[in-house]
Each structure stands twice: as structure tokens, then as C-alpha cells.
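Now for the letters of each chain:
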Amino acid sequence: MTTLIKLGGSLITDKGKARAFRQEAARTIASQIKAVWEAEPGLRLVIGHGSGSFGHFAAKIHQTAAGVNSAEQWLGFTKVAEAALALSHLVLLELLEQGLPAMRFQPSSIIKSADGQITAMQTSLIAQALESGLVPLVHGDVVLDSQIGGAIISTERLFAHLAKSFPVKRIILLGEVDGVLDARGRVIPSVTPSSFDSIRSVMGGSSGIDVTGGMLQKVEEMVDLVAEVPSLEVIIANGRRPNVLTDLMDQDQRTGTRITLRP
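Starting afresh in each chain, residues are numbered from 1 along the sequence in its written order. Only residues with pLDDT of at least 70 get local features here, since the model is predicted, and only at 80 or more are side-chain atom pairs given and counted; chain-wide, interface and lining totals rely on the full set of residues. Heavy atoms from the whole structure form the basis of all side-chain values; hydrogens and water molecules are not counted.

Engineer: Now, about the overall build of the chain: what can you tell me, with residues and values included?
Structural biologist: Comment: elements are numbered from the N terminus, with helices defined as DSSP H or I runs of at least four residues and strands as E runs of at least two. Looking only at helices and strands, the chain has ten helices and twelve strands in total. As defined in this context, the radius of gyration uses C-alpha atoms, and a globule is described by 2.2 Å times the residue total to the power 0.38. Against the globule reference of 18 Å for 263 residues, the chain gives a C-alpha radius of gyration of 17 Å, in line with a compact fold. Referenced to the eigenvectors of the C-alpha coordinate spread, the extents of the chain come out at roughly 55 × 45 × 35 Å. Think of it in three bands: with a 1.4 Å probe and only protein chains considered, a residue is buried below 20% of the maximum accessible area for its type, exposed above 50%, and partly exposed in between. Relative to its 263 residues, the chain shows a buried fraction of 53%. Should any heavy atoms of two residues lie within 4.5 Å, those residues are counted as being in contact. When contacts within the chain are restricted to residue pairs at least 6 apart in sequence, those whose partners lie at least 24 apart make up 74%. Working note: accessible area of the chain is about 11500 Å², and carbon and sulfur atoms make up 51% of it. Only four residue types enter the tally: Lys and Arg on the positive side, Asp and Glu on the negative side; His and the chain ends are excluded. In this description, the location of a charge corresponds to atom NZ of lysine, CZ of arginine, CG of aspartate or CD of glutamate. Charge centroids of the chain, computed over 25 positive and 26 negative side chains, lie 2 Å from each other. Here the open area of atoms and residues is found with the Shrake-Rupley method and a 1.4 Å probe, where only the protein chains shown may cover a residue.

Spelled out as C-alpha cells, the structure:
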């Protein structure tokens, strides 16, 4: 079974400033990834990250999320791709520095979409990398789209496709908040498809610029995913919390919000 870990854009960048990489935060999480990878022989990991203040800033400027048609929009499309790739390179360097055999798979080169929904993805390449003991690295990216020209695929949407393509045990989404919060700012420990409607009204968007919908859309997509993949567990947690990954991989330690089919 495979675990998918996302380093949120709010965690590894300052989403209030263009191209502001939080290297220390990325380095800390990379060291935790190495620790859990070494502690559990045979653990299969796919690492993903958001575009943060790299891709989201460029996408907002060029309105890429609305589709791509004109020559000017296509130029913007390539600039968004470059920004996302620039951040991915920085994350890759931190993983390699920790001695992790990380290999980047650029989503724009292995995904096709229609109206923003993934229609094809070369998941066999990622599966082969996992079989070989590698740690695939993916990220939110632009993709060619058969209906709107070009689209943006979030890391969550990419993870959802992977979870439906081969056995995935757990998805961990790390950001800068402690989980899904209620109206008083308290963590909601559990979300299920049956409870989601009752908490929807207390959830908001993300801080900073986010062209992929913020927290509400992320939770909604994950709720739909666990309904489709009943054995899956999704955890939303604070990546700034000390030793967060070690605790999350330990089933006796409870932190963050868990999204499952049943409580």
C-alpha cells in the first residue's frame, strides 16, 4: 500500500508574496519524510506539493484557471508551468539533500484533461517508480485540456486519480492550520460523507492567493474520494507541528482532521 503526502503551498511558500519559498519549512518536512521512510521498511511514498506563491500568482495574473485560447493566454500558460516547475525543483533539492531517492514526474507531461477533469494519466510510470524503491514527486500543474485548451490540476485532484488507480492506504495533506476548523476555530477531528453537509457552512477558503478553491474544495473532493475508495483515510494536519508526520503515521496518535467513509 502507498501513502501520498502533500506539502501545501501555504506550508512551503509565503502565499502573500510571489515566489517566496520557505526553505526551512520544506527542509524540516523533508527530514521528517526521511525519518518515516527509514522507520518503516517497504513503505511506498508519493510526495506532492501545491504551487503556493509560485504557480498561483502566475495563474491569477494570466487567468489560466478559466481556460486557454488566445496566443497571449498560451504564453501565460507556459509561464504558469515554469513557475510550478521552479518550486518543484526547490522541493526536489530538499528531498535529495535528505538522501531520499526522489524522482520528479511533471504532471503536464503525463496528464490530459477535459474541462478540468483528468481523463488520462500515465500512472504506470509512477507505479514502476514505486516498485523500484523511488519516491515520486508530483505537484499542482497546468495540463492540456480537450475542452478549454488548458487547465490547472490541483495536487488533490492528482492524488485522487492515483488513489483510484492503484492501492493507496492514506493521503496526508499538510498545511499551516491544525485541520478543518469549526466556527470557533476548533479542530473538527472527523469528517465523513454523512457529516460533511453539517460542517460545510463553517469552512472557508485558504489564506493568500489560491486559484484551485481553498480548503472547502479540497475537503469536498476528499469526501467524494473516500466515498469512492472506502478503505482510504485522508488526514488534514498542520505541517508546522513538530514531528507531525511521525505522529500521523502512528495510528495511536491523533492529530488533525481525518476524512473517512465512517467515523
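Engineer: Report on the pattern of salt bridges, specifying residues and quantitative values.
Structural biologist: Note on definitions: salt bridges are taken to be side-chain nitrogens of Lys or Arg within 4 Å of carboxyl oxygens of Asp or Glu. For the structure on display, the rule yields 15 salt bridges. Between R44 and E131 there is a salt bridge, and its shortest N-O distance comes to 3.2 Å. In this pair, R44 is assigned in strand β2 (residues 44-49) and E131 in helix α6 (residues 123-131), connecting sequence segments 87 residues apart. A relative accessible area of 58% means that E131 is categorised as exposed. Connected through salt bridges with shared partners, the residues R22, E176 and R240 form a single ionic network.

Engineer: Before we move on, can you summarise the sheet that holds strand β9 (residues 168-175) with the specific residues and values?
Structural biologist: Here we have eight strands laid out as an open sheet, ordered β3-β6-β2-β1-β9-β11-β12-β10, and mixed in their pairing. The sheet is open, and its two edges are formed by β3 (102-104) and β10 (190-191), each paired on a single side. Bridge analysis of strand β11 (residues 233-238) against strand β12 (residues 257-259) gives three bridges, and the strand direction is antiparallel. Residue pairing across strands places V234 opposite I259, the latter belonging to β12. Strands in contact with helix α2 (residues 23-39) are β1 (2-7), β2, β6 (135-139) and β9; relative to β2, the strand with the most contacts, it is inclined by about 165°. Following DSSP output, two strands are said to pair if at least two bridges run between them. A fitted line through C-alpha atoms represents every axis, and for helices the fit uses only the stretch in contact; the resulting angles, taken between N-to-C directions, go from 0 to 180 degrees.

Engineer: Please provide a residue-by-residue account of the nonpolar core, values included.
Structural biologist: Judged by nonpolar contacts, the single largest core of 40 residues is most densely connected at I126, F159, L162, I171, V219, L232 and I259. Looking at this core element by element, the count peaks at six residues for helix α9 (residues 214-228). If sequence neighbours within four positions are ignored, I171 has contacts with L4, F159, A163, M222, L225, L232, E233, V234 and I235. Each nonpolar core is a collection of buried residues, namely Ala, Val, Leu, Ile, Met, Phe, Trp, Tyr and Cys, held together in the definition by side-chain atoms within 4.5 Å.

Engineer: Describe the sheet that holds strand β8 (residues 149-153), with residues and values.
Structural biologist: The strand order across the open sheet formed by four strands is β5-β4-β7-β8, and the pairing between neighbours is mixed. A strand with exactly one partner marks an edge of an open sheet, and here the two such strands are β5 (117-121) and β8. Going from strand to strand, the sheet's axes swing by 45° on average, the running direction of each strand aside. For strand β4 (residues 111-114) and strand β7 (residues 141-145), the ladder comprises two bridges, and the chain directions are parallel. Counterpart to K112 in the pairing with β7 is L144. Across the sheet, helix α4 (residues 71-97) lies against β7 and β8, angled at about 140° from β7, the strand it touches most. Contacts from helix α7 (residues 155-163) reach β4, β5 and β8, with the element oriented near 50° to β5.

Engineer: Outline the layout of surface pockets, supporting the account with residue identities and numerical values.
Structural biologist: Rolling a probe over the atoms, with the probe sized like a water molecule, indicates the empty space that remains. By volume, the second largest pocket amounts to about 250 Å³. Lining the second largest pocket are Q117, I118, E156, R157, A160, H161, K164, E220, E221, D224, L225 and E228. Mapped by element, the contributors of at least two residues to the lining of the second largest pocket are β5, α7 and α9. The dominant element in the lining of the second largest pocket, judged by the number of residues it contributes, is α9, at five residues. Residues are sorted three ways: Asp, Glu, Lys and Arg are charged, Ala, Val, Leu, Ile, Met, Phe, Trp, Tyr, Cys and Pro are nonpolar, and all the rest, Gly among them, are polar. The residue makeup of the lining of the second largest pocket, split by class, is three nonpolar, two polar and seven charged. Only protein atoms enter the calculation, which uses a 1 Å grid: trapped sets of points that fit a 1.4 Å probe without letting it out are cavities, open sets showing protein on both sides within 12 Å along at least five of seven lines are pockets, and any residue with an atom within 4 Å of a point is a lining residue. Grid points are joined across faces, edges and corners, and a volume is the space filled by probe spheres set on the points.

Engineer: Describe the packing of aromatic side chains, and please don't skip the residues or the numbers.
Structural biologist: Here the aromatic set is Phe, Tyr and Trp, taking the six-membered ring for Trp, and pairing holds for ring centres within 6.5 Å; pairs whose planes are under 30 degrees apart are stacked, those over 60 apart are edge-to-face, and all others are tilted. For the structure shown, the criterion picks out one aromatic pair. Here the aromatic rings of W74 and F77 are separated by 5.0 Å at their centres, their planes lie at 75°, and the arrangement is edge-to-face. Remark: F77 and W74 occur in helix α4; sequence separation between them is three residues, near one turn of the helix.

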